[in-house]
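Report on the structure
Each chain, written out:
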Amino acid sequence: MWLLLICVCLIQRGYAQIRYTETIEVSFQIAGIFDRNAITHQQAFNETVHHVHLSSVRLHAIMLQPPRTDSYSVWRSLCSNTAMRPVAVFGPQNPISDKAVRDQCAIANIPHIQATMKPLDPDLELNEELDSSNSQIETADEAAAFKKITINFYPESDEISVAYGKLLNFYNWKVFAVLYEDDFGLLRIQKILGRHSDDYPVTVYRLDPEGDNRSIFKLLNEDREDRILLDCHVDRVMKYMEEAGSFKNLSNYQHYILVTLDAATIYDKLINLPLNVTWLSLTEFEKIKDAQHYLATRVGKWSNDFSTKVNQMKTDELVMDDITNHVVKAMETIEDLRKPDFPICEKDPHPWPHGAQLQKAILQTKTVGVTGNIEFNENGKRINYVLFVNEIYMSQRYTIGKWDSSNATEIVETRQTDNRTTAQQSKHFIVISRRNKPYFYEKEPCKEGDTTCVNDKEKYEGFSVDLVKAIFEILKSENFNYTYSFFHDEDKDYGEYDVKTKKWNGLIGDLLDKKADLAVCDLTITEDRKKIVDFSVPFMSLGISILFKKQLAEPPGMFSFLNPYSVGVWLYTATAYCVVSMVLFVCSRISPADWENPEPCEKNPEELENIWTFKNCAWLTMGSIMTQGCDILPKAIGTRWVCGMWWFFSMIVCQTYIAQLSASMTTALENESIKSVEDLAAQNKILYGAIKGGSTVDFFKNSKDKTFRRMYETMNSNPALLVKSNDEGVRRVLSGSNKYAFFMESSAIEYKLRRDCRLKKIGGELDNKYYGIAMPANSPFRTHINRAILKLQESTKLDKIRNLWWLQKYDAKICKDVDVDANDVQGDLELENLLGAFVVLIVGIFFSLIVTAIEFMNEVRNIVVRENVTHKEVLVKELKASLNFFNKQKPVLRNPSRAPSLAGTEESEDKNKEKKQKKEKSIENFMDFEKGASMNN
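Predicted model, so just to flag it, every value in this text is computed and none were measured. (Residues numbered from 1 in each chain as written. Predicted model: local features only at pLDDT ≥ 70, side-chain atom pairs only at ≥ 80, totals over all residues. Heavy atoms only, no water.)

1. Things to note about the overall build of the chain
As a reminder of what qualifies: Under the DSSP-based scheme used, a helix requires at least four consecutive residues in state H or I and a strand at least two consecutive residues in state E, with every element numbered from the N terminus. Categorising residues by exposure relies on relative accessible area from a 1.4 Å probe, with only protein chains included: less than 20% of the type maximum marks a residue as buried, more than 50% marks it as exposed, and the intermediate range marks it as partly exposed. Working rule for contacts: check all heavy atoms of both residues, and any pair within 4.5 Å makes them a contact. For the accessible areas, the method is Shrake-Rupley and the probe is 1.4 Å, while residue cover comes only from the protein chains on display.
When helices and strands are counted, the chain shows 30 helices and 32 strands. For the chain, with 937 residues in total, the buried portion stands at 46%. Considering only contacts in the chain between residues 6 or more positions apart, those separated by 24 or more positions represent 73%. Accessible area for the chain stands at about 50,100 Å²; split by element, carbon and sulfur atoms hold 53% of it.

2. Some words on the sheet that holds strand β29 (residues 759-762)
To keep it simple, the criterion reads: By the convention used here, strands pair only if DSSP detects at least 2 bridges between them. Note on geometry: axes are C-alpha line fits, over the in-contact stretch for helices, and angles between N-to-C directions span 0 to 180 degrees.
The four strands are arranged β27-β28-β25-β29 in an open sheet whose pairing can be described as mixed. Each having just a single partner strand, β27 (687-689) and β29 make up the two edges of the open sheet. Taken pair by pair, the neighbouring strands of this sheet meet at an average axis angle of 35°, ignoring direction. Both β27 and strand β28 (residues 740-745) contribute to a ladder of three bridges, which runs parallel. The residue of β28 that forms the bridge with G689 is F742. Packed on one face of the sheet, helix α23 (residues 706-717) meets β27 and β28 and runs near 90° to β27. Sheet strands touched by helix α25 (residues 746-753): β25 (544-549), β28 and β29. Its angle to β28, the strand with the most contacts, is close to 115°.

3. Section: the pattern of salt bridges
Side chains bearing opposite charge may pair, as long as their charged atoms lie close to each other. Our working definition: Here, a salt bridge means any Lys or Arg side-chain nitrogen found within 4 Å of an Asp or Glu carboxyl oxygen.
Evaluation of the coordinates by the stated rule reveals 31 salt bridges. The shortest N-O distance in the salt bridge between R298 and E47 comes to 3.1 Å. Here R298, found in the loop between α11 (285-288) and α12 (299-303), pairs with E47, found in helix α2 (residues 39-51); they are 251 residues apart in sequence, far enough to count as distant. Looking at R298, the relative accessible area reads 6%, which means it is buried.

4. Description of the state of the cysteines
Rules: By convention in this document, the label disulfide applies to cysteine sulfur atom pairs within 2.5 Å.
Per the counting criterion, the structure on display carries one disulfide. Residue C79 pairs covalently with C345 via a disulfide, S to S 1.9 Å. Where C79 bonds to C345 through sulfur, the torsion about that S-S bond is close to -60°, and the disulfide is left-handed. On the criterion of sequence distance, the pair formed by C79 in helix α3 (residues 71-80) and C345 in the loop between α13 (315-332) and α14 (355-364) is long-range, its members being 266 residues apart. Residue classification places C79 among the buried residues on the basis of a relative accessible area of 17%. Counting only cysteine sulfurs, C617 is the nearest neighbor of C643, a cysteine outside any disulfide, at a range of 8.1 Å.

5. Let's talk about α13
The condition is simple: Residue count minus one, scaled by 1.5 Å, sets the expected span of a helix.
For α13, which comprises 18 residues, the first-to-last C-alpha distance of 26 Å matches the rise-based estimate of 26 Å (1.5 Å per residue) to within 8%. Burial analysis of α13 places 15 of its 18 residues in the buried class, which makes it a mostly covered element.

6. Thoughts on the environment of H112
Test applied: Distance and chemistry together define a polar contact, namely a pair of N or O atoms within 3.5 Å, with one atom able to donate a hydrogen and the other to accept it when in protein, and with adjacent residues in sequence counting only for side-chain atoms on both sides.
Here H112 shows up in strand β4 (residues 112-114). Classification of H112 by relative accessible area gives buried; the value is 1%. Considering only alpha carbons, one finds H112 and T150, 38 residues apart in sequence, at a separation of 5.2 Å. Every residue in contact with H112, bar those within four places of it in the chain, is listed here: V89, G91, D98, V101, R102, C105, I149, T150 and I151. Of note is the side chain of H112, whose polar atom sits 2.9 Å from the side chain of T150.

7. As for the side chain of S433
Looking at the element boundaries, S433 is found in the loop between β16 (426-432) and β17 (441-442). A distance of 2.7 Å separates the side chain of S433 from the backbone oxygen of V520, its partner in a polar contact. For S433, the residues in contact, after removing those within four places along its chain, are F440, S464, H488, L507, V520 and C521.

8. Observations concerning the packing of α13 against α14
Threshold: Orientation labels follow simple angle bins: below 35 degrees gives roughly parallel, above 145 gives roughly antiparallel, 65 to 115 gives roughly perpendicular, and whatever is left gives oblique. Here a crossing is called left-handed whenever its near helix is offset anticlockwise from the far helix by less than a right angle, and right-handed whenever the offset is clockwise. Note on residue classes: Ala, Val, Leu, Ile, Met, Phe, Trp, Tyr, Cys and Pro are nonpolar, Asp, Glu, Lys and Arg are charged, and everything else, Gly too, is polar.
Orientation of α13 relative to α14, taken along the N-to-C sense of each, is 120°, at an axis distance of 8 Å. Classified by the angle between their axes, α13 and α14 sit oblique to one another. Along this stretch, α13 crosses α14, giving a crossing that reads as right-handed. Residues H326, V327, A330 and M331 of α13 pack against L358, A361 and I362 of α14. Residue composition of the contact of α13 with α14, grouped by class: six nonpolar, one polar and no charged.

Pasting the structure below:
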């Protein structure tokens, strides 16, 4: 019995401990504001919001699509949905128009979320900091203060600029070119360069996203800019690459740094380009490239293409998943979280009680997503994230380093030792070359005072010798046990195919016969040669040009730019400038229209302001005659007339000066016989030739251009025009008395021009070709040679070697180009030639004075009528105030005895009320008429 009672008690006690629990999943709304064309962003946001949920929290996406991207349209779209009760608002994507949304969210205590790179605008940043600090001060005593901030899941633009500045330091870039496409890009570039250094020259060009930019890449090609910092939208990178490729600006020795975090989306295209590319990314490429990535099965829904890979999605699309995960996790930390009870744009604001808690939870929550660690500071800016350095080098992609925002230090290199440089290989290379200055020649004894000459045991010297030496020094530093020696037994040609023997001769033949491992000289890379031997990446770019002898010309005078006008004309022009500046100054002080209200919000100002100081007047006239314009312009008729007459005078003076100057400068060139290859082909007095069996003759032979084909037939029909070497061709040019022109590589022409000032280059380059190091086909050492050459180019050591042998060695000198004979300058322009312009100017000034006086007297009459005062009083006070040149403001003349009439005010109000009633009655009659018409139909 006692046992039964004990069992019953235990059962009842255990039953009392059993509790019934029920989990209720709550759905909350999150609004997203997107452009109508941002389809992928919308679908990514919608899918991730519906996909991501935890045990008790699920989000529901509300999609908003404003008709326009301006602030008012975005705000109107947000407030038009009165049934919406969001717990957070995301967007808009345009960072310029999100301030109105942020302000409305602050009124309703709804967290505002953004995921875009905000432009670097100092004024915007200052205003946001002030707004944030003011909101914090007002609610400092509250337990959870709502902050008027935007929580941005995208890194700050300033920090990204810091990272790219560190990247330039990592590569030790000193001289490079910068390309950008909009004003915000220029701001980013300025920040990057400010973080890098201002000690080095940088070439900056602006690209046209919708236009043709090949002229810019042509300039880069002419300037030999091999390092380029490109700031553009990722969708236009390949467009610019195609334009660069039209001028051979894409080669293995060029390095592009892309200022975008989305370059991984075009990785498949970039890796096929023959250049080095580097970019920073917020995502780790190895992870998003993985086919088993947790987003791999979902990104296809975002783009409506299930073959889409994760790495093909942009950062601001991938971050949608991070946003929803982070927000849901933050909501899970809040107990008894309830939906907002009122619309976000309620007329009588009802702040959401849980808004400050949710905002604080989002700021304090830490998550890890596809874009790495997600953490924010108190102002909603993302912190403690990592940017990865991605590099495409020799058609292979590597993650070579990372930059941590937590300490903002230098780039930390993370790449492992290249397995191509770890193997200890031994090899002795036989190097052949062609005896030709400045590439390869017997070493000359050092001259006294020559600091560039080194006494050593080397038998040969030249550009090719120094290039090979530098390459093998790099390979030796990479633990390769390579040695080399030059072999030269006889002078040989570059090499051509012998139809009789069916073999290649010259240097190419020695490589094919395995008599040498490398051929280093001015050997052009051609398709025919590439079919039988391997070439390294180019170490020099060039083209075919024309070498000709200069025509003698007398040097012009030191002040020849003054020749278009006589001394009298220059003095009269300077006097006119001073007179017009003073007349404009006086007229602007007298003219009422140039006195402006300094406070536009004050309808009845006490004082007026005049910005036309004598300095501004002189600046306007100076800018006009210099054809540069001015940022301020007069408003009165009289002062505008002064400017108009001065502009007319300036136009006549400038145009005549430019025309006369151009004529005087080009007169000496009229007798020049040829100016281009077309002129050379169109005449028959000047003969022309090239090196027999060289790539230059092959260019004319294989060209599809009719002019070039005709020139080849001319040279081929007269074998005496072809020479065996460049030196022989130069001798024929000098001895030909301007009757012989020689086709030559531009690099060789540059060398010859530095040694003989009687020579000159005519026209531009006919083609683009490159010198490379030739080696037997399928050489296993090609990769090592390529890597060493690229390092020499990136370190600018290759340019130093070239400058040594082109600009310093072998009696190099600087030639003074004299193109215009002083005797060919045309006569000066006298005062009579411009007398009409002076007459028009003087008449116009007097007319402007009359107009100014009429304006002034008309204003006096208006004040007399309006204020009921005497003419004398108005005239004296207005003249005294206007001619006080030391004051920029003058008081508005008023009659203190006059006051506004109360009866007049009431009468005006009655008239306005009567007009309003008539308007309402007309609208009502119109509506009745429309209803009657519709019933009859």
